[in-house]
Amino acid sequence: MRQPGRPKALTAVAMVAAGLLMAGEARAQSSGGGLSTFFSNIFSGPKSDNQAPPQGAPAATGSIPWSGEDGASGHPLMTAAAIRQAAANFGNCVGAMWPDAARRNVSRENFERFTAGLTPDLRIMDLMDAQPEFTKSVWDYLDILVNDNRLAKGKEILAKYKAQFDATEKAYGVDRYIIAAIWGIESNYSTQIGDRSVLQSTATLACIGRRQGYFKEEFLSALEILNRGDLRPEQMHGSWAGAFGPTQFMPTAFKRYAVDADGDGRRDVVDDAADLIASTANNLKKDGWQSGQSWGYEVTVPQGFNYMLADRAKVMTAAQWEHLGLKRASGQPFPHPADKGYLLAPAGAEGPGFLMLPNFRVIMKYNPAEAYAVAIGHFADRLRGSQPFVQPWPRQERELSRAERLELQQLLVQRGFYRGTPDGQFGGETRQALRNFQASIGAPADGFASAQMLDRLRGN
C-alpha cells in the first residue's frame, strides 16, 4: 500500500513504481516494494547472482549480495563506508530499541524472541537507491498488469469471496472491484507477495541507510503486531521495504487500517480473506473514498485544446469540461455533470485523456504513481465488465533513458524553464517546465517528454 514519502511493497507484479510517470519512491506507506521491485528488475535488470560479496560485508538473505558500492542518492548515510559501519553496529542498534518497544507494551520475552538472530540484509541498500536506466510507458505498464489471465483470476476471486465482498461493501461503501483490482495488481491474487522477512527488512532500514527514523517506526510497529498475536512471523514476509500481505500493508498502515472482520480476535490481512478485504476497504474509506462514484472517465480531447489546463490543480465540473470540448470516449454522457475532476493526459496530446474524479486521488494515496492509479481504475472497470480503452496509445513513442531524461532537464535549465536540480527523474516541476517550453515554440503544451521534444530542446 504505501511508502514513507511513499515507498511500498515489492512483489513480483509490482516492480514498476520507480519507472512510472511519477518519479521518486512510489508508496504512501511503504518504501519501494510491490510494483516497484517487480518492475525495477524488469526495466533495469538485477545484478548478477554470481557477484561475490564485498570483503567484510554481512551476507544478504537473498541470492544477490550487496554490491558494496555507494548509493546513487549521494546521501552520506548511503556511502559504502557508512553502510559497513552501521552494519557492524546492527546488534547494538536493534537492542537499543527495547525501551521504545516496552513503551508499546511489547513484552521482554517477545522482544528477545522476535529479534533473536536478526542480521542486516545489505542488499536492501542497493534496492533502496536503485535508479532504473529505462522506464516503462504507461501503455506497456497497462499491458503487463491488465491482462486476460489476471482478469479471469479476479473474476474467480470475486465469485469465491462474494459474501465477504458483500459485507465489506455494506460496511464501508467501497467498490468491490477496486479492492479486487488492488489485490490482483499488488500480489497477483496472493501468488507474488514477496519473500523477505518484514522484521529483518525494517530492522535493517531502521539501523542502516538514509531513512532510519521512518523505518524505526515500521520495525517497532511490526513488533507490536507480532506481540499482539494478529500475525505470526512466518506470515510477515514481503518486500524489501517491509510491505506484506496480498494488498501490501506496511506495519504502520496495518495499525491504522487493519480490522477483524470475522470476529476471530485476530486481524489477519495475509491469510484471512474477510480481514484482507475489509482492511483494504477501510484504508480506502479513511483516505476519502466516495461511495457510488467512479474513479474517472476516458475522454476525447479536441484538436487545438489548451493542454495547460491538464493539471491536477485545475479542477472543474464535468459540464464545464464538456463545454471546453471534452467528451466521454464511450460516447455516453457524463452521468453526473456536477462531478468535479481534473484532466490527465499521461501520454500527451497523442494519447487518450482521462477526467479524474476524487476517487482517483484516493487511489493515488494508496500509491502516488499516476500509471498505477490508472491501472487500478481500469482493471476495476474491466472486472465490472467494461471494455478496454477506446483510444489508441502512441506506441510509436519510446521512453527516454535516464541519461536522456537528465539531458532534457539540463537543457530546460539552460533555456531558463527549469529551476530544479537535474536528476533524471520527472515530477510536476519538470513537467511544468516542459509545458512552458512547448508553449514557447507553439507545440501542444502537454508536458509529454518525447524523443522529438528532446530533439527540439537540442535545437534539431
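As shown above, the structure is provided for reference.
Residues numbered from 1 in each chain as written. Predicted model: local features only at pLDDT ≥ 70, side-chain atom pairs only at ≥ 80, totals over all residues. Heavy atoms only, no water.

1. Comments concerning the state of the cysteines
Linking two cysteines covalently via their sulfur atoms produces the bond known as a disulfide.
Next up, step 1: Under the counting rule described, the total for this entry stands at one disulfide.
Next up, step 2: Shown here is the disulfide that connects Cys93 with Cys207, its sulfur atoms set 2.1 Å apart. Since a negative S-S torsion denotes a left-handed disulfide, the Cys93-Cys207 link at about -90 degrees is left-handed. Within this pair, whereas Cys93 is found in helix H3 (residues 90-95), its partner Cys207 is found in helix H11 (residues 198-207), the two being separated by 114 residues in sequence.
Next up, step 3: For Cys93, a relative accessible area of 18% puts it in the buried group.
Next up, step 4: Taking the relative accessible area as the measure of exposure, Cys207 reaches 5% and is therefore buried. (Disulfide = S-S within 2.5 Å. Helix = DSSP H or I, 4+ residues; strand = E, 2+ residues; numbered from the N terminus. Buried < 20%, exposed > 50% of the residue type's maximum accessible area, 1.4 Å probe, protein only.)

2. Quick word on the sheet that holds strand S4 (residues 316-317)
Next up, step 1: If you trace the five strands from one edge of the open sheet to the other, you get S4-S6-S7-S3-S5, paired in antiparallel fashion. Bordering the open sheet on either side are S4 and strand S5 (327-328), each of which pairs with just one other strand.
Next up, step 2: Sheet topology places S4 next to strand S6 (residues 340-344); two bridges connect them, and they run antiparallel. By the bridge assignment for S6, Thr317 is matched with Lys340.
Next up, step 3: Its contacts with the sheet place helix H16 (residues 358-366) against S6 and strand S7 (353-356), and it is angled at close to 65 degrees to S6. (Pairing = 2+ DSSP bridges. Contact = heavy atoms within 4.5 Å. Axes fitted to C-alpha atoms, helices over the stretch in contact; angles between N-to-C directions.)

3. Things to note about the pairing of S6
Side-chain direction in a regular strand flips from residue to residue, so the side chains alternate between the two faces of the sheet.
Next up, step 1: Counting buried residues in S6 gives four out of five residues, a clear majority hidden from the surface.
Next up, step 2: Direction of pairing for S6 relative to S7: antiparallel, over a ladder of three bridges. Bridge assignment links Tyr342 to a residue of S7, and that residue is Met356.

4. Quick word on the environment of Asp230
Next up, step 1: Structurally, Asp230 can be placed in the loop between helix H12 (212-228) and strand S2 (237-238).
Next up, step 2: Residue classification places Asp230 among the buried positions, given a relative accessible area of 0%.
Next up, step 3: Each C-alpha atom, one on Asp230 and one on Arg267, is 5.2 Å from the other, the two residues being 37 residues apart in sequence.
Next up, step 4: Contacts of Asp230, omitting those with residues within four sequence positions, involve Ile225, Gln235, Phe254, Gly265, Arg266, Arg267 and Asp268.

Nothing here speaks to function; it is all geometry.
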